[in-house]
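One letter stands for each residue in the lines below.
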2 protein chains.
Amino acid sequence: MKRSDEAPVDSIDRAILDRLTVDARATFGQIGAAVGLSAPAVKRRIDKLEETGIIRGYTAVVDHSRLDRPLEAFTELRFTGDARVDEIAAIGEGIPEVEAVFTMAGDPDALVWLRVRDVRDLKRVVDRLRGSGQVAGTKTMMVLGATTFPSTLSP
Amino acid sequence: MKRSDEAPVDSIDRAILDRLTVDARATFGQIGAAVGLSAPAVKRRIDKLEETGIIRGYTAVVDHSRLDRPLEAFTELRFTGDARVDEIAAIGEGIPEVEAVFTMAGDPDALVWLRVRDVRDLKRVVDRLRGSGQVAGTKTMMVLGATTFPSTLSP
DNA sequence: TATGAAAGGTTGGCCGC
DNA sequence: GCGGCCAACCTTTCATA
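Residues numbered from 1 in each chain as written. Chains lettered and ligands numbered in written order. Predicted model: local features only at pLDDT ≥ 70, side-chain atom pairs only at ≥ 80, totals over all residues. Heavy atoms only, no water.

(A) Spatial organisation of the pattern of salt bridges. A full pass over the atoms with the stated rule returns 26 salt bridges over all chains. The partner of B:Arg14 in a salt bridge is A:Asp68, with the nearest N and O atoms 2.9 Å apart. Of this pair, B:Arg14 sits in helix α1 (residues 11-22) while A:Asp68 sits in the loop between β1 (55-62) and β2 (71-79), placing the two residues on different chains. Owing to a relative accessible area of 27%, B:Arg14 belongs among the partly exposed residues under this scheme. (Salt bridge = Lys/Arg side-chain N within 4 Å of Asp/Glu carboxyl O. Helix = DSSP H or I, 4+ residues; strand = E, 2+ residues; numbered from the N terminus. Buried < 20%, exposed > 50% of the residue type's maximum accessible area, 1.4 Å probe, protein only.)

So this is what it looks like as structure tokens:
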């Protein structure tokens, strides 16, 4: 494995990450104008941030409430005592309705963020989670509304 | 306000959203090659998806565990009976450590996703949430690990 | 929607600090 | 090592059909 060693993320890198967080489709020139660097210099820094894994990728922020999976929910999972944390984290594998799995310290063991078509769909997904073996219990909560914040790095 | 009416998101739009979800920096030509359209045709569709608000924006996926806020937590909030849901949703305003606020049906009233520097920082942020007035109680859980899934739209 | 041409963005090489 | 500059190439964007 590559020694992707010291990732010396300096204040300019932080400013670049900040810009990409706000608009991942900004051009190198636009980012450069914001951080005081030329476009090629910005490209080289971004290439390095991608190589070292600081930048994992780029994604569109989509309004799912107006698409085919308008319903959001969180399901708390409790596992049997023999389940390892890595096994718990893997429970979302292959279930497209699972947006994210957070393994937790304490109770519950995991928090699963779901996006589903309707309540019937939710029932199906929860049953699938429950049937994964090692799941001792679940508690599902419906989301009324979600507000996400653009993860500013600056403060 | 503009009546950005019927948003007829067809299967090609869905394929475009799918591509942008996986790589928001893909060129129109690359997306066109994937969905079977010319670059200008892809641009017009994306412009419309942005105008109608189906696409809210584009963001970089950053590995925060290797930056300045490596610790994640969820805080459940319980509010006093006179709090309206919109007021509850606004509790994250102006707190940069708040990644998202989910208002919930049932108990708790809200789930707040936090990203902080360390436990001391977590304490400060939770105290700030508690001091927002109308908060009747909190329960904070630490995240051991998070796995997010690339939100595939297709299946 | 496609085409084609002008404008603008990306990217690699080279030089200087 | 890191940034600026330049030039070739690719992409975007707009007119037009």
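(B) Layout of the sheet that holds strand β4 (residues 110-116) of chain B. As summarised here, the arrangement of the eight strands in space is β2(A)-β4(A)-β3(A)-β5(B)-β2(B)-β4(B)-β3(B)-β5(A), forming a closed barrel in which the pairing is antiparallel. Here the strands of the sheet are splayed against their neighbours by 35 degrees on average, with no regard to which way each runs. Two strands pair when backbone bridges link them, and strand β3 (residues 98-105) of chain A and strand β4 (residues 110-116) of chain A are joined in this way by five bridges, in the antiparallel orientation. In the strand pairing of β4(A), A:Thr103 is matched with A:Ala110. Contacting β2, β4 and β5 (135-148) of chain A, helix α5 (residues 119-130) of chain A runs over the sheet at an angle of about 140 degrees to β5(A). Along the sheet, helix α5 (residues 119-130) of chain B makes contact with β2 (71-79), β4 and β5 (135-148) of chain B, crossing β5(B) at roughly 140 degrees. (Pairing = 2+ DSSP bridges. Axes fitted to C-alpha atoms, helices over the stretch in contact; angles between N-to-C directions. Contact = heavy atoms within 4.5 Å.)

(C) Just the pairing of strand β1 (residues 55-62) of chain B, in detail. With six of eight residues buried, β1(B) is to be regarded as a mostly interior element. Bridging between β1(A) and β1(B) involves seven bridges; their strand directions are antiparallel. Each bridged residue has a counterpart across the sheet, and for A:Ile55 the counterpart in β1(B) is B:Val62.

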